[in-house]
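# Structural overview for review
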Amino acid sequence: MALSPLGLEAVADWHQLAAAFHRAALGKGGREDVERFRADLEGQLARLRADILAGTVTLGEMRAFRIKDPKPRLIHAPCFRERVLHHALMAQAGPVLDRALVADTYACRVGKGALAAVQRAQHHLRRWPWYAQIDIRGYFASIDHATLGALLARRFRDPGLLALMSRIVASHQSAPGKGLPIGALTSQQFANYYLSGLDRLLLEGCRVRGLVRYMDDVVWWGDSQAAVRTALAAARAYTRDDLALEIKESVRIGPSSGGLNFCGYRILPGALLLSRRRKRRYAQCRRAWENAWAQGRIDTRTLQGGYACALAITAHTDAAVWRREQLRRAPLAEPLADL
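Quick look at the structure, then. (Residues numbered from 1 in each chain as written. Predicted model: local features only at pLDDT ≥ 70, side-chain atom pairs only at ≥ 80, totals over all residues. Heavy atoms only, no water.)

Here we take up the environment of Leu41. Considering the arrangement of structural elements, one finds Leu41 in helix α4 (residues 41–54). For the pair Leu41 and Ala116, spaced 75 residues apart in sequence, the C-alpha to C-alpha distance is 38 Å. (Helix = DSSP H or I, 4+ residues; strand = E, 2+ residues; numbered from the N terminus.)

A few words on the pairing of strand β3 (residues 130–135). Of all the 6 residues making up β3, 5 are buried; the element is thus mostly covered by neighbouring parts of the structure. Bridge count for β3 against strand β5 (residues 217–222) is 6 bridges, and the pairing is antiparallel. Counted as the bridge partner of Gln133 is Val219 from β5. Bridging between β3 and strand β6 (residues 252–255) involves 4 bridges; their strand directions are antiparallel. (Buried < 20%, exposed > 50% of the residue type's maximum accessible area, 1.4 Å probe, protein only. Pairing = 2+ DSSP bridges.)

Attention shifts here to the nonpolar core. Within the largest apolar cluster, 63 residues are counted, with the highest numbers of intra-cluster contacts made by Val84, Leu89, Tyr139, Phe156, Phe190, Leu202 and Trp220. If you tally residues by element for this core, the top one is helix α5 (residues 80–99), at 9 residues. Non-local contacts of Leu89, meaning those with residues more than four positions away in its chain, are made with Val11, Gly94, Leu161, Leu164, Met165, Ile168 and Thr186. Within the second largest apolar cluster, 16 residues are counted, among which are Leu125, Trp128, Leu260 and Tyr265. (Core = buried A, V, L, I, M, F, W, Y, C linked by side-chain atoms within 4.5 Å. Contact = heavy atoms within 4.5 Å.)

A few words on a positive patch on the surface. Among the surface-exposed residues, Lys68, Lys71, Arg73, Arg276, Arg277, Lys279, Arg280 and Arg281 lie close enough to one another that they form a single positively charged patch. Sorting elements by how many residues they give to the positive patch places helix α13 (residues 276–294) first, with 5 residues. Relative to the assigned elements, Arg280 resides in helix α13. (Patch = residues over 30% accessible without salt bridge, like charges linked within 9 Å, V, L, I, M, F, W, Y side chains within 5 Å. Areas by Shrake-Rupley, 256 points an atom, 1.4 Å probe, with all protein chains shown as cover. Salt bridge = Lys/Arg side-chain N within 4 Å of Asp/Glu carboxyl O. Lys, Arg positive; Asp, Glu negative; His and termini not counted. Charge placed at Lys NZ, Arg CZ, Asp CG, Glu CD.)

This part is about helix α8 (residues 145–153). Restricting attention to buried positions, one finds in α8 the residues His145, Thr147, Leu148, Leu151 and Leu152. Each buried residue of α8 lies within a common arc of 160° when the element is viewed along its axis, so the set occupies one face. Tucked inside the fold, the buried residues of α8 contact α5, α9 (159–170) and α10 (185–194). (Arc of directions from axis to C-beta.)

Here the focus is the pattern of salt bridges. Under the definition given, this model contains 16 salt bridges. A salt bridge links Glu9 to Arg49, with the shortest nitrogen-to-oxygen separation between them at 3.8 Å. Of this pair, Glu9 sits in helix α1 (residues 8–11) while Arg49 is found in helix α4, placing the two residues 40 residues apart along the sequence. The partly exposed category is assigned to Arg49, whose relative accessible area is 27%. One salt bridge connects Arg200 with Glu204, and the closest N-O pair in it is separated by 3.1 Å. Taken together, the residues span about one helical turn, with Arg200 and Glu204 both in helix α11 (residues 196–205) at a distance of 4 residues. Using a relative accessible area of 46% as the deciding quantity, one classes Glu204 as partly exposed.

Turning our attention to the sheet that holds β5. If you walk across this open sheet you meet the 4 strands as β4-β5-β3-β6, and the pairing is antiparallel. Among the strands making up the open sheet, the edge pair consists of β4 (210–214) and β6. Sheet twist, expressed as the mean angle between neighbouring strand axes with direction ignored, is 15°. Lying on the sheet, α11 is in contact with β3, β4 and β5; it crosses β4 at an angle near 170°. Each of β3, β5 and β6 is contacted by helix α12 (residues 225–241), which is oriented at about 140° to β5, the strand it contacts most. (Axes fitted to C-alpha atoms, helices over the stretch in contact; angles between N-to-C directions.)

Purely geometric numbers; function is a separate question.
Pasting the structure below:
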């Protein structure tokens, strides 16, 4: 395995930092911190470049807030200057980490995504009779810093670059020596790479028939229940002993003919249905737009756009009959004017 020659100079390149600023600022025009950075762009980038090369860049300034999507999560959003750094780093290091991943890993990758993962899972459901599905307990909060550092050292050889990555990882801790912040670009890439060894264990060591991973949600297939259970035992041992992680006890093992829930969909061999979670999201989205229209805060044309947002939640599924039933049960209180 060839190590990447990438170094700090590539991350701190002036043009790379300028491009990283524009990526970090995308969709955030008007925000005070973004506009303040933009007002002194040349000076800000020059100071950031100098700090990166000197190894003194400030890290760990984050804004914490909670969301519920669908379960409660604590998000840590880095300050804008650090976001620029993360974009510059991942523009260089991201492709190196991506090359270490197997094809059937779908989170945070160009050309992949949740829908592609779901379609691949349906493909395997049609081919193989048994599956096992796992996820990791408190995944982001449980990632071990020392283990991650050793894994990164397998891909990069520049001491300065490894030191920068180590400082970024160490800038957040959910427990001593553990945890990556949900909400940082580097966290997504590092967390996705952290489980790459599990993918290869299952595919190359256990010879499972098929595998799909979306971050820490992993499904694999086999010819029998015994085969997928044997792979499960190997996965438990590897995640515990090599990655310091714990697989949740709620492992799902079943026949492919019964389908599975994955990435917010109910997947059957011959149909793609809405999960309860997506049904709730559709109802909440539709109700929010209709309430805004009823209160006069939006016009009918804007409401139509809101309906498009709600319908997007149900896209790619066999849900037309269900949507018609929802409209029948909960119609608008009064007719819409012609658009």
